[in-house]
Amino acid sequence: MQHYVLSELSAEQLMSLLAVLFLLLLLPHGQTGINISVQRKLTKSLSLLGHCRELRREMAQTDSQSSTFPEIVELNVGGQVYVTRLETLTAVPNSLLWAKFTQSSPAELPKDSKDRFFFDRDGFLFRYILDYLRDSDLFLPEFFKEKRRLQKEADFFQLPELSRRLAAASKDSSYAEDSGDPEEAELTSPVTASSDRTLRSPGADSGFITIGYRGSYTIGRDIQADAKFRRVARITVCSKISLAKEVFGDTLNESRDPDRPPDKYTSRYYLKYNFLEQAFDRMADAGFHMVACNSTGTCSYGGSDPGEDKLWTSYTEYVFCR
């Protein structure tokens, strides 16, 4: 006769053992056969055992799926949505993304409201991080001015080779700026003083820049003094790309038109702040002066009652020249 230790038996073996013991208790003393009633109870017990096995198998499969990442991964990086492959995110061993997506489970990573994995970093610069992970090489747009910020992102994502390349590129740009070469100085640094402008040829930096904004304000009944005035949604910049980058530098948001060459024109840039006076100060510092202005507006009521507050929406453009 074999002897078993209960602690060494699996759950299924224990259930089978209990079912057999239960049937033996139902048999009268000295009875060797099993009547119909006992057979039915045996069938029911075996059916219950099979159901438990199936349930355990499904639970194990669910646990396995919840502990692994999908092949296609959706990311929310600073509000920008990216969709890429898992193998791309884990392309560089010992990087932060490699650690997050190989050493952690999906439940451990923060997610947004749409169940995308969230990283609170610069969403616009992450596109270059993702390109580097795909190709193991660095390709930046011509006259790219955010190398130092991108290097900071590379340090955060623990990509030492990318950080080293960006540091070398930033050093080369600084050398070109300090060398006094007029053409390089124009491409690598915004104008902040008249001494910088004297380095350029007379017609190289002339042109027009149009500053536009769409704002709204509310005038209360009988033009009350507590009216809310000028809520600026966004300040747009329309000009030659090289002029816009020269004047506004890092305060210019290029995400809607990122890779156009500097000799082209754009109407899709906008500023990272909402103060017109700040934009005007930048224009004045760069030697621009206003030559024209125009504005249009519409009026609507806050409700169906004509006596309610009037909501005015306007669009205004300021044209500057140098």
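Residues numbered from 1 in each chain as written. Predicted model: local features only at pLDDT ≥ 70, side-chain atom pairs only at ≥ 80, totals over all residues. Heavy atoms only, no water.

What to know about unusual backbone geometry
One non-glycine residue, Asp115, lies in positive phi territory at about 70°. Tracing the backbone shows Asp115 in the loop between α4 (96–102) and β3 (117–119). For Asp115, a relative accessible area of 54% corresponds to the exposed category. Here Gln158, not a glycine, exhibits a phi torsion of approximately 60°, which is positive. (Helix = DSSP H or I, 4+ residues; strand = E, 2+ residues; numbered from the N terminus. Buried < 20%, exposed > 50% of the residue type's maximum accessible area, 1.4 Å probe, protein only.)

Structural notes on helix α11 (residues 276–285)
Burial in α11 covers these residues: Leu276, Ala279 and Met283. For α11, the arc enclosing every buried residue in end-on projection is 65°, short of the 170-degree limit, so these residues lie on one face. Positive phi shows up at Gly287, right after α11, with a value of about 90°. (Arc of directions from axis to C-beta.)

Describing the pattern of salt bridges
A complete count under the given rule lists 14 salt bridges for this structure. Of the charged contacts in the structure, one is a salt bridge between Arg85 and Glu71, with a shortest N-O distance of 2.5 Å. With Arg85 in strand β2 (residues 80–85) and Glu71 in the loop between α2 (36–66) and β1 (72–77), this residue pair connects regions lying 14 residues apart in the sequence. Assessed through its relative accessible area of 52%, Glu71 is described here as exposed. A salt bridge links Arg85 to Glu87, with the shortest nitrogen-to-oxygen separation between them at 3.1 Å. On the basis of relative accessible area, Arg85 is assigned to the partly exposed category, the value being 36%. With relative accessibility at 52%, the residue Glu87 sits in the exposed group. Where salt bridges share partners, they join Asp122, Glu146, Arg149 and Lys272 into one cluster. (Salt bridge = Lys/Arg side-chain N within 4 Å of Asp/Glu carboxyl O.)

Focus: the sheet that holds β1
Taken together, the three strands give an open sheet; going across it, the order is β2-β1-β3, and neighbouring strands pair in mixed fashion. Every other strand in the sheet has two partners, leaving β2 and β3 as the edge strands with one partner each. Strand-to-strand twist across the sheet, computed as the mean angle between neighbouring axes with direction ignored, equals 30°. Pairing of β1 with β3, which is carried by three bridges, proceeds in the parallel orientation. Bridging from a neighbouring strand, Asn76 pairs with Phe118 of β3. In the packing of helix α5 (residues 126–135) onto the sheet, the strands contacted are β1 and β2, and the crossing angle to β2 comes to about 5°. (Pairing = 2+ DSSP bridges. Axes fitted to C-alpha atoms, helices over the stretch in contact; angles between N-to-C directions. Contact = heavy atoms within 4.5 Å.)

Concerning the environment of Gly78
Its place among the elements puts Gly78 in the loop between β1 and β2. In this structure Gly78 comes out as partly exposed when scored by relative accessible area, which is 38%. When the C-alpha positions of Gly78 and Phe124 are compared, they lie 8.1 Å apart, and in sequence the two are 46 residues distant. Apart from residues no more than four positions distant in its own chain, Gly78 is found in contact with Phe118, Phe119, Arg121 and Gly123.

Observations concerning the confidence of the model for the protein
Taken over all residues, the pLDDT of the protein has a mean of 76, while the share at 70 or more is 61%. When mean pLDDT is taken per element in the protein, β3 scores highest with 95 and helix α8 (residues 182–188) scores lowest with 38. (pLDDT = per-residue confidence, 0-100.)

Regarding the pairing of β2
Note that β1 and β2 share six bridges and pair antiparallel. Across the sheet, residue Val77 finds its bridge partner in β2, namely Gln80. Where β1 folds back onto β2 in an antiparallel hairpin, the turn is made up of two residues, including Gly78, whose phi is positive at roughly 60°.

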